[in-house]
Amino acid sequence: MKINKDNILKYVTIVFFLGFIFIFPIINFLTPDKKINEMENKILSQSPDFSLGKVYNGSFMKDFDSYTSDQFPFRTEFIEFKNYYNYGIGHKEFRDIYVSNSGRLMEKFVFNKDIIDKNIAQVIDVSCYLKDNYSVSSTIMIVPTSIAFYENDLPGYAITDNQLNALKYINSEIDAYKVQNYNIKLYSPYSILEKNKNEYIYFNTDHHWTQLGAKLAFEDLYGEVTGDYSKISDNFYGTYYSKALLPQIKGDTIFSYDDYKDFDILIDFDKNYDTLYNDTKLNGKNKYQYFLHGDPALAVIEGNPNSIDEILVYKDSYAHNFVPFLTSKYKKIHVIDPRYYKLNIDDYFSKNKDIKDVLFLNNISTFNSSDIIK
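Figured I'd write up the structure that's included with this text. (Residues numbered from 1 in each chain as written. Predicted model: local features only at pLDDT ≥ 70, side-chain atom pairs only at ≥ 80, totals over all residues. Heavy atoms only, no water.)

What sets the pattern is the α-helix's 3.6 residues per turn: residues three or four places apart point alike. Counting buried positions along helix α8 (residues 211-221) gives 9 out of 11 residues, so the element sits mostly inside the fold. Residues of α8 that are buried: Gln-211, Leu-212, Gly-213, Ala-214, Lys-215, Leu-216, Ala-217, Phe-218 and Leu-221. Looking at the buried side of α8, the elements it contacts are β6 (137-143), β7 (184-187), α7 (190-195), β8 (229-236) and β9 (252-257). Gly-223 sits one or two positions beyond α8 and adopts a positive phi of about 140°. (Buried < 20%, exposed > 50% of the residue type's maximum accessible area, 1.4 Å probe, protein only. Helix = DSSP H or I, 4+ residues; strand = E, 2+ residues; numbered from the N terminus. Contact = heavy atoms within 4.5 Å.)

Shown next as structure tokens:
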């Protein structure tokens, strides 16, 4: 009997299709729902409550579609396979993440004038208020992201705005406020980072700078850092990887400076540690949480006992591997993330009268995309 290859291919396709239609829903039904996908850094939709009203207005179907998509069996593996194939045929952009010719992941930057103007006004208002009422001097520190320095390595069709021009705009707008008498300083480590861009100053798979990058900025702003730079962990896959999900991309190595580790820290009023670095965080996917124990809303660090001054840092997570260096300069470092902790300025500064400086430390992507002070 002669075998018809076309018929075999047709039946295989039918079997595969039917198996996909019937088997995967059964697997999905038998598999417990997950709440978080660590690799994608994503909170997953849960099974929606059923009601005739929700069916009538269409919200149930919308929520159920989101639920089945998030809870789909082997979801991450399917996405990795799809992206692996797309990369193989020439695609180098995945959810606003570009893959450079050297395998570096970088996020597209699109200048947002409205948000930047709002953040400038907020920071200036707070800085002037602190100077008038508490004689506190402010520094605004805005850190570029990696795409600012490696544009030449991007695919030819990549579109991203120039971060140096954005920083120049911010500087000109702050100057326009005529706030020189308030000792407000704008600092960006753009120049020092550009000079050292061939060093390991940014993670390849994550949006943060490494502690080496933070150290270069600290030295440029405050003075020399001493001590050894040690490897802490391999195979760190960060936020850029969570968007791109390309299995052929190599993980990052985390380094840290040992001399800035052993200091007492109080986090969120009720958690005390005798170290600024948390080794247990290296066991999870987000190994960057090794610095400052994750994402504290409020942290108070006991620094240099020979100093008399204290500093308050308004921050995003770029500050986490920068703040330890401040222990060499300040007696106490107050760290506040305004995304999570709503600070009553008068109450806090009346209780902490030794605070002489405030540092607003954000990466330019944060400054460009959301209100940094609520």
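A contiguous patch of negative charge, built from Asp-228, Asp-258, Asp-259, Asp-262, Asp-264 and Asp-274, is present on the exposed surface. Topologically, Asp-258 is positioned in the loop between β9 and β10 (265-267). (Patch = residues over 30% accessible without salt bridge, like charges linked within 9 Å, V, L, I, M, F, W, Y side chains within 5 Å. Areas by Shrake-Rupley, 256 points an atom, 1.4 Å probe, with all protein chains shown as cover. Salt bridge = Lys/Arg side-chain N within 4 Å of Asp/Glu carboxyl O. Lys, Arg positive; Asp, Glu negative; His and termini not counted. Charge placed at Lys NZ, Arg CZ, Asp CG, Glu CD.)

Moving on, we get to the side chain of Thr-366. Assignment of secondary structure puts Thr-366 in helix α11 (residues 364-367). Beyond its immediate stretch of four places on either side in the chain, Thr-366 contacts Asn-119, Asp-316 and Ile-372.

Let's shift gears to the environment of Met-106. Residue placement: Met-106 occurs in strand β5 (residues 105-107). Between the alpha carbons of Met-106 and His-207 there is a distance of 7.7 Å; along the sequence they are 101 residues apart. Leaving out residues up to four positions away in the same chain, Met-106 has contacts with Asp-96, Ile-97, Tyr-98, Ser-100, Ser-146, Ile-147, Tyr-150, Leu-154 and Tyr-240.

What follows covers the packing of aromatic side chains. Under the defined criterion, the tally for this structure stands at 24 aromatic pairs. For the ring pair Phe-269 and Tyr-341, a centre distance of 5.9 Å and an interplane angle of 55° mean the geometry is tilted. Here Phe-269 is found in the loop between β10 and β11 (271-273), whereas its partner Tyr-341 is found in the loop between β14 (332-336) and α10 (345-351), with 72 residues between them in sequence. Residue Phe-269 is classed as exposed on the basis of its relative accessible area of 56%. Residues Tyr-277 and Phe-291 carry aromatic rings whose centres are separated by 5.5 Å and whose planes lie at 85° to one another, so their mutual orientation is edge-to-face. (Phe/Tyr/Trp six-rings, centres within 6.5 Å; stacked < 30°, edge-to-face > 60°.)

Inspection of the secondary structure assignment puts Asp-337 in the loop between β14 and α10. For Asp-337, a relative accessible area of 0% translates into the label buried. Spatially, the C-alpha atoms of Asp-337 and Lys-315 are 5.3 Å apart, while their sequence positions differ by 22 residues. The residues touching Asp-337, leaving out its near neighbours within four places in the chain, are Pro-296, Ala-297 and Lys-315.

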